[in-house]
Amino acid sequence: MTRPSVRVALWASAGAVACGALAATPAPPTTPATATPTVTPTATSTTARPAVPPGTAPQGFTRIGGPANGLTVAVPQDWVALDLSRDDLDKSLTSIGLSGEALEQARRSLRPLVANKAVWASDRTSAATSPNRFATNLNAFCQESPDVPADQIVADVKRQLGQLGATISQAGEVPIDDGTAVRVVYRLPSRGIDIRGTQYYTRSSSSGRTCILTLSTDKDGLQPLFDRIGRTLTPR
């Protein structure tokens, strides 16, 4: 009997100009990989900061998302955000200053996220200081999935990320403001860029769906910020 799994979804946004001309990393297949990355389980790395009540935002952050997306998450106030549950992608991209080829690249990259009614956000200044012109970014959405234990989610994510050549450094269940989540920290080579990625998986008790948050950068030193953002992930 085939074991149910949670499908990994990765869309990384590479900034080429201003807020970024975006290049997508597609979701990997769900067939088993032949190599398994080394994993160090952790359940303490997101506990440095005190929790805030679910549905609120830490100081200097703003909450994005809502019922249409199936989740909310808090991001720094100076990040730009898009609600992709609305069928107005071109208008949204134009509103953050994209045009021409940058607009076309962003349209191609974010179209899969529209189908998932995702939220997307990016540090608008990060591409300017990135050697690869890569915009630090996140996307989050919810999908139908079976209710499986944390260790099975970890195994599924290990297998699927392994297919992409990722190296996983940490994987395990961690506390978030609204309960617990599976957190996976990895490095992923993509189009010549060494992506530092973090994913959070948490289940909505009300909708029965799994909500997935993916944070991506090409810079060192952003893990504390990613953990602070991830802790605010709240299913709706």
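As shown above, the structure is provided for reference.
No experiment lies behind these values; they were computed from the predicted model shown. (Residues numbered from 1 in each chain as written. Predicted model: local features only at pLDDT ≥ 70, side-chain atom pairs only at ≥ 80, totals over all residues. Heavy atoms only, no water.)

Enquirer: Please explain the side chain of T232 as it appears in this structure.
Expert: Tracing the sequence through the fold places T232 in the loop between α4 (223-231) and β10 (234-235). With near-sequence residues (within four places) excluded, T232 lies in contact with P58, R63, T72, V73, A74 and D177. (Helix = DSSP H or I, 4+ residues; strand = E, 2+ residues; numbered from the N terminus. Contact = heavy atoms within 4.5 Å.)

Enquirer: What am I meant to see in the layout of surface pockets here?
Expert: As a volume, the second largest pocket reaches approximately 180 Å³. Forming the boundary of the second largest pocket are I64, G65, A81, L82, D83, R86, D88, S92, S95, I96 and V119. Listing elements by their share of the lining of the second largest pocket, those giving two or more residues are β1 (61-66), β3 (79-83) and α1 (89-95). Counting residues per element, the lining of the second largest pocket draws most heavily on β3, which supplies three residues. Along the lines of polarity and charge, the residues of the lining of the second largest pocket split into five nonpolar, three polar and three charged. (1 Å grid on protein atoms, 1.4 Å probe; cavity = no way out; pocket = protein on both sides within 12 Å on 5 of 7 lines; lining within 4 Å. Points joined across faces, edges and corners; volume = space filled by probe spheres on them. Nonpolar A, V, L, I, M, F, W, Y, C, P; charged D, E, K, R; others polar.)

Enquirer: It is not clear to me how the state of the cysteines should be interpreted in this structure. Could you clarify?
Expert: In a disulfide, the sulfur atoms of two cysteines are covalently bonded to one another. Across all of its chains, the model carries one disulfide by this definition. Each sulfur of the disulfide joining C142 and C211 lies 2.1 Å from the other. In this structure, the disulfide formed by C142 and C211 twists by about 90° around the S-S bond and is classed as right-handed. Of the two residues, C142 is situated in strand β5 (residues 137-144) and C211 in strand β9 (residues 209-217); the sequence distance between them amounts to 69 residues. By relative accessible area, C142 is classed as buried at 6%. Its relative accessible area of 0% is what places C211 among the buried residues. (Disulfide = S-S within 2.5 Å. Buried < 20%, exposed > 50% of the residue type's maximum accessible area, 1.4 Å probe, protein only.)

Enquirer: I would appreciate a short explanation of the environment of D227 in the present structure.
Expert: You can see D227 is positioned in helix α4. The class for D227 is buried, based on a relative accessible area of 8%. Separated by 27 residues in sequence, D227 and Y200 place their C-alpha atoms 9.4 Å apart. There is a polar contact of 3.2 Å between the side chain of D227 and the side chain of Y200. (Polar contact = N/O pair within 3.5 Å; in protein donor to acceptor, adjacent residues only side chain to side chain.)

Enquirer: In this structure, what is going on with helix α3 (residues 150-163)? I would like to understand it.
Expert: One full turn of an α-helix is made of 3.6 residues, so residues set three or four places apart face in the same direction. Given a rise of 1.5 Å per residue, 14 residues ought to cover 20 Å, and the 20 Å separating the end C-alpha atoms of α3 matches this to within 8%. Within α3, burial applies to Q152, I153, V154, D156, V157, R159, Q160, L161 and G162. Buried residues in α3 make contact with β6 (167-176), β7 (179-190) and β8 (193-203). Of the residues trailing α3, G165 is marked for its positive phi of about 85°. (Expected span 1.5 Å × (residues − 1).)

Enquirer: Is there a simple way to explain the pairing of β1 in this structure?
Expert: Each regular strand carries side chains that alternate between the two faces of the sheet. Pairing of β1 with strand β2 (residues 71-76), which is carried by six bridges, proceeds in the antiparallel orientation. What sits directly across from I64, in β2, is V73. (Pairing = 2+ DSSP bridges.)

Enquirer: What's the story with the pairing of β6 in this structure? I'm lost.
Expert: The sheet contact formed by β6 and β7 spans nine bridges and is antiparallel. The partner of P175 across the bridge, within β7, is T180. Linking β6 to β7, which pair antiparallel, is a turn of two residues.

Enquirer: Hey, could you run me through the sheet that holds β9 in this one?
Expert: What links the strands of a sheet is backbone hydrogen bonding, and the strands pair in either a parallel or an antiparallel sense. Within the open sheet, the seven strands sit side by side as β3-β4-β5-β9-β8-β7-β6. Their pairing is antiparallel. Edge positions in the sheet fall to β3 and β6, since each of these pairs with one other strand and no more. Strand-to-strand, the axes of this sheet are offset by a mean angle of 20°, without reference to chain direction. (Axes fitted to C-alpha atoms, helices over the stretch in contact; angles between N-to-C directions.)

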